[in-house]
Amino acid sequence: MDPVVILTLVAAIVVVFLLAASVRIVPQARRYNVERFGRYRRTLQPGLNLVVPVADRINTKLDVREQVYSSDPRPVITEDNLVVNIDTVLYYQITDPRAAAYEVADYLQAIDQLTVTTLRNVIGSMDLEETLTSREEINSRLRAVLDDATGKWGIRVNRVEIKAIDPPHTIKEAMEKQMRAERDKRAAILHAEGERQAKILTAEGTKQKDILEAQGAQQAMILRADGEAKAVELVFQAVHRNNADPKILAYKYLETLPHLASSDNNTFWVIPGELTEAVRTVTRAFGDQSTAGAHTTARPEEAGTADGDDASDEGHPPELAAGWTASRDAAAAADEAGKQAAAAVSDAKAEAEAAKSPQMPRRGQTSGG
């Protein structure tokens, strides 16, 4: 083969190799650090880039997108001397590829160690209860420390989150008991509150019931009293309209007296003072009727006998009144009063019948003979 052709082919291959070695294509969101003879030269941006073959080489390839780093659980001692395991989640982004490659050997390890030390400083000033309830404060303090420390490394910490806080097993059991007791307490309070509301509602219902019953009884008594008043008014009007004389009223008075002692609950009965006057009025009334109904040719002895009967009838009420003044028990007095009142009415009726029938012998004449 011709040496010239061989040299041409070798030169062509070398040129193609050099051209291929001088062209670098950087993907989007990537950054390449280029060194020339071991010294940092520049950072390649996304797209087509040309480098000097043999002299330039790519040292590090970095991803500038936001990334997530989750650390392993680390033991941390709280202010009340309890050991808790805390693991964190870190969101960071490379802002300066040169500093991230040349300012720190391993930025992930550096960030992890810095997170642990900062977390121990923060948690060491809090007790367990405050640690469990102050996650937002812990996150903000961690982010402030990490962002300040990683700024010179070309890394920006966007967010730090505590993923889990695991207290010891005994503490978990105590916390569960406390939570159970708190819930039992709230349940008891709610139950007591419900019973109180139920009793209040029941009392209000009973109150409304009593009020309504009282109002109903009041209305019934008012209506009953109105009815009795109207009945009395009608009776009073009927008496005055019929012009009832005192004789009829006295007779009705005596007729009502036996019913006053008819109840079994009566243990004390007062005889009215008008009893003798009522008996006397009835006796006079029937005596006047007998005199008016007799013949005008009545004999003097009959008149005398009638006068004697009147006298005997008029003398009867004092005996009745004297009988009532005797000391006896209430029941016997009531029975005796009823019997004497009935006897007085019967005597008055007998006198009236005798006056209407002259042929029948009068009781006065028989007694006088």
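The structure this text deals with has already been given above.
Owing to the predicted nature of the structure, the values given are computational and were not obtained by experimental measurement.

> Got a sec to walk through the overall build of the protein? Specific residues and values, please.
In terms of regular secondary structure, the protein is built from 11 helices and nine strands. Sequence separation of 24 or more characterises 64% of the internal contacts of the protein that already satisfy a separation of 6 or more. Just so you have it, the protein exposes about 24300 Å², and 56% of that area is on carbon and sulfur atoms.

> Just give me the short version of the nonpolar core, but keep the residues and values in it.
Core analysis: the biggest nonpolar cluster contains 29 residues, and Ile86, Leu90, Leu119, Ile138 and Ile155 have the highest contact counts within it. Among the elements of the structure, β8 (83–94), α3 (107–123), α5 (135–150) and β9 (155–166) are those that each provide at least two residues to this core. Ranked by residue count, the leading element in this core is α3, at seven residues.

> Break down the packing of α3 against α5 for me, with residues and values.
Remark: α3 packs on α5, axes separated minimally by 10 Å, with the N-to-C direction vectors making an angle of 140°. On the basis of their axis angle, the class for α3 and α5 is oblique. Where α3 crosses over α5, the two elements pack in a sense that is right-handed. Between α3 and α5, the residues in contact are Ile111, Leu114, Thr115, Thr118, Leu119, Val122 and Ile123 and Ile138, Arg141, Leu142, Val145, Leu146, Ala149 and Thr150, respectively. Class assignment of the residues belonging to the contact of α3 with α5 gives a composition of 10 nonpolar, three polar and one charged.

> An account of the sheet that holds strand β5 (residues 56–63) is needed here, citing residue identities and associated values.
The strand order across the open sheet formed by three strands is β3-β2-β5, and the pairing between neighbours is antiparallel. The two strands at the open ends of the sheet, each matched to only one other strand, are β3 (39–44) and β5. Looking at each pair of strands side by side, their axes are set apart by 25° on average, direction ignored. Two strands pair when backbone bridges link them, and strand β2 (residues 30–36) and β3 are joined in this way by five bridges, in the antiparallel orientation. Looking at β3, one finds that tyrosine 32 is bridged to leucine 44.

> Residue-level account of the packing of aromatic side chains, with values.
Enumeration according to the criterion identifies two aromatic pairs in this entry. Pairing tyrosine 92 with tyrosine 107 gives two aromatic rings, centres 6.1 Å apart and planes at 65°, and the pair type is edge-to-face. Remark: tyrosine 107 occurs in helix α3 and tyrosine 92 occurs in strand β8; sequence separation between them is 15 residues. Assigned by exposure class, tyrosine 92 and tyrosine 107 land together as buried. Its end group placed over the ring of tyrosine 32, lysine 61 keeps NZ or CZ at 5.0 Å from the ring centre.

> Please provide a residue-by-residue account of α3, values included.
For α3, with 17 residues, the first-to-last C-alpha span of 24 Å sits near the 24 Å given by 1.5 Å per residue. Buried residues of α3: Tyr107, Ala110, Ile111, Asp112, Leu114, Thr115, Val116, Thr118, Leu119, Val122 and Ile123, and no others.

> An account of the side chain of threonine 88 is requested, with residue identities and associated values reported.
With respect to the helices and strands, threonine 88 occurs in strand β8. By relative accessible area, which is 5% here, threonine 88 ends up buried. Here the side chain of threonine 88 touches serine 71 through a polar contact of 3.0 Å, side chain to side chain. Not counting chain neighbours up to four residues away, the residues in contact with threonine 88 comprise Tyr69, Ser70, Ser71, Thr115, Leu119, Glu161, Ile162 and Lys163.

> Quick rundown of the side chain of threonine 78? Include the residues and the values.
Among the structural elements, threonine 78 can be located in the loop between β7 (74–77) and β8. The exposure class of threonine 78 is buried, given its relative accessible area of 3%. At 2.4 Å, the side chain of threonine 78 and the side chain of aspartate 80 are in polar contact. With near-sequence residues (within four places) excluded, threonine 78 lies in contact with Val84, Ile123, Gly124, Met126, Asp127, Leu128 and Thr131.

Rules of the game
Residues numbered from 1 in each chain as written. Predicted model: local features only at pLDDT ≥ 70, side-chain atom pairs only at ≥ 80, totals over all residues. Heavy atoms only, no water. Helix = DSSP H or I, 4+ residues; strand = E, 2+ residues; numbered from the N terminus. Contact = heavy atoms within 4.5 Å. Areas by Shrake-Rupley, 256 points an atom, 1.4 Å probe, with all protein chains shown as cover. Core = buried A, V, L, I, M, F, W, Y, C linked by side-chain atoms within 4.5 Å. Buried < 20%, exposed > 50% of the residue type's maximum accessible area, 1.4 Å probe, protein only. Axes fitted to C-alpha atoms, helices over the stretch in contact; angles between N-to-C directions. Parallel < 35°, antiparallel > 145°, perpendicular 65-115°, else oblique. Left-handed = near helix turned anticlockwise from the far one by under 90°. Nonpolar A, V, L, I, M, F, W, Y, C, P; charged D, E, K, R; others polar. Pairing = 2+ DSSP bridges. Phe/Tyr/Trp six-rings, centres within 6.5 Å; stacked < 30°, edge-to-face > 60°. Lys NZ or Arg CZ within 6 Å of the ring centre and 35° of its normal. Expected span 1.5 Å × (residues − 1). Polar contact = N/O pair within 3.5 Å; in protein donor to acceptor, adjacent residues only side chain to side chain.

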